[in-house]
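Structural features, examined
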Amino acid sequence: MGVKTIMVIGAGQMGAGIAQVCAQAGYEVFLNDLKPEFVERGLSGIKKNLNRNVEKGRMTAAQMEAAVSRIAASTDLQDAGKADLVIEAAVENMDIKAKIFAQLDEIAPEHAILASNTSSLPITEIAAATKRPEKVIGMHFMNPVPVMKLVEIIRGLATAEEVYQTIEEITKTLDKVPVEVNDFPGFVSNRILMPMINEAIYTLYEGVAEKEAIDEVMKLGMNHPMGPLTLADFIGLDTCLYIMETLHEGFGDDKYRPCPLLRKYVKAGWLGKKSGRGFYTYE
Ligand code: CAA
């Protein structure tokens, strides 16, 4: 399956990062979001990142220009008609994703693969919203996308072997390492990461230690690059809560119960770095 043009749905931190690495790898990219200002924000983040690469001597100004010129801004889902692969990185909500995939199924060429960057929702259920479940697959990138090497590749129940092989190859062309996992809530990454973060929040909630102490223990004691509360702020507390709820509902086991403090922060609009306040405050 020859993939030349990739459409990325959602120009937030994940979508913009995915568009960036695809353009750097030489693919033609449509970066799509609902409003032009969302796409613009994504594009300006990409330019900032690429500029840093030029300053650090990792790419030339001409290479940066070429990468940027490969990204077309899009606010019309009809652009999927020109895509060989669509990577959806919209909000983590099954109803919204199902609606997007049903629309993409109508618009995208017959040969096109429809991938989701979902961090925990079932690929099989997303695929069921289309008439091409064999061409639907999970491609779970990590944040920050330009830095993190992993892409979890999730097979839905009906994903064709040929589609899996194509996505594995494309992932390698993005200079990422594909790891194959099966379709269960949270896959592997968030099944393990989120309960750890949730436990760190319980540790704060129960007054075992101050937030800085909890983060310091995990940074210095376990060599994690960020403490779990800093990481939760970085991921977004709404996303953390949503993933915990998906695990809780999917497995029905109380060990995945989201910490009440996490719920409280999200209700207060303290969503982490992106809202200026989470466990810590940001400029
Ligand atoms: N975009 C692009 N590049 C970035 C970046 C960003 N948002 N943030 C940092 N970088 C780059 C920096 O430019 C720097 O590059 P150079 O080496 O060229 O200078 C490099 O990353 C290291 O950055 P810093 O020196 O500023 O800081 P650091 O050493 O603390 O590294 C980090 C930053 C890479 C983010 C590191 O703290 C880290 O690995 N944190 C953990 C990240 C993590 O766990 N991600 C997974 C989250 S879970 C997820 O994404 C899945 C999900 O479904 C929720």
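Just so you know, these numbers come straight off a predicted model, no measurement behind them.

So, about the sheet that holds strand β4 (residues 85–88). If you trace the eight strands from one edge of the open sheet to the other, you get β3-β2-β1-β4-β5-β6-β7-β8, paired in mixed fashion. Lying at the two open borders of the sheet, with one neighbouring strand each, are β3 (71–74) and β8 (177–182). When strand polarity is set aside, the average angle formed by the axes of neighbouring strands in this sheet is 25°. As paired strands, strand β5 (residues 113–116) and strand β6 (residues 136–141) are joined by three bridges and run parallel to one another. When the sheet's bridge partners are listed, Ser 116 is paired in β6 with Gly 138. Across the sheet, helix α6 (residues 161–173) touches β4, β5, β6, β7 (150–155) and β8, and the angle it forms with β7 is around 175°.

With respect to the element layout, Thr 246 can be found in helix α10 (residues 237–251). With sequence-adjacent residues up to four places away left out, Thr 246 is seen in contact with Ser 120, Leu 121 and Pro 185.

Let us look at the UniProt feature "domain: 3-hydroxyacyl-CoA dehydrogenase NAD binding" (unreviewed entry) in the protein chain. Per the UniProt record, the feature "domain: 3-hydroxyacyl-CoA dehydrogenase NAD binding" (unreviewed entry) sits at residues 6–183. Counted over residues 6–183, helix gives 41% and strand 22%. Its end C-alpha atoms are 23 Å apart.

Around the ligand, 18 residues are found, and the nearest of them are Lys 56, Arg 58, His 140, Asn 143 and Asn 190. Separating an oxygen atom of the ligand from a side-chain N or O atom of Lys 56 is a distance of 2.6 Å. At 2.7 Å from an oxygen atom of the ligand is found a side-chain nitrogen or oxygen belonging to Arg 58. Relative to its unbound accessible area of 1000 Å², the ligand is 64% covered by the protein chains. The set of elements that each furnish at least two residues to the shell around the ligand consists of α2 (36–55), α7 (189–205) and α9 (228–235). Among the residues forming the shell around the ligand, the class breakdown is 10 nonpolar, five polar and three charged.

Within soluble globular proteins, side chains that are nonpolar tend to cluster in buried spots. Ranked by internal contacts, the top residues of the largest apolar core, which has 39 residues, are Leu 31, Leu 85, Ile 87 and Phe 141. For this core, the leading source of residues is helix α1 (residues 13–24), giving seven residues. Leave out the neighbours within four places in its chain, and Ile 87 touches Ile 6, Met 7, Val 8, Ile 9, Ile 18, Cys 22, Ala 115, Met 139 and Phe 141. If you look at the next biggest cluster of nonpolar residues, it comprises 25 residues, including Tyr 256, Leu 261, Tyr 265 and Phe 279.

Calculation criteria
- As a convention, each chain's residues are numbered from 1 in the sequence order in which they are written.
- Owing to the predicted nature of the model, reporting of local features is limited to residues with pLDDT of at least 70; listing and counting of side-chain atom pairs is limited to 80 or more, with chain, interface and lining totals taken over all residues.
- For side-chain calculations, the full set of non-hydrogen atoms in the structure is used, while hydrogens and water are omitted.
- Only strands that DSSP links by at least two bridges are regarded as paired with each other.
- The secondary structure listing takes helices from DSSP runs of H or I that are at least 4 residues long and strands from runs of E that are at least 2 residues long, numbered from the N terminus.
- A fitted line through C-alpha atoms represents every axis, and for helices the fit uses only the stretch in contact; the resulting angles, taken between N-to-C directions, go from 0 to 180 degrees.
- Contacts were defined at the residue level, with two residues in contact if any of their heavy atoms lie within 4.5 Å.
- UniProt positions are given in the numbering used here, feature names are shortened, and annotations may be inferred rather than shown by experiment.
- In these notes, residues near a molecule or strand are those with any non-hydrogen atom within 4 Å of it.
- N or O atoms closer than or at 3.5 Å make up a polar contact, with two conditions inside protein: a donor-capable atom paired with an acceptor-capable one, and, for residues adjacent in sequence, both atoms drawn from side chains.
- Reported accessibility uses the Shrake-Rupley method at a 1.4 Å probe radius. Residues are deemed covered only where the shown protein chains occlude them.
- For this classification, Asp, Glu, Lys and Arg are treated as charged, while Ala, Val, Leu, Ile, Met, Phe, Trp, Tyr, Cys and Pro are nonpolar and the rest, including Gly, are polar.
- As used in this record, nonpolar core signifies buried Ala, Val, Leu, Ile, Met, Phe, Trp, Tyr and Cys residues forming a set joined through side-chain atoms within 4.5 Å.
- Residue exposure (1.4 Å probe, protein chains only): buried if accessible area is under 20% of the type maximum, exposed if over 50%, otherwise partly exposed.

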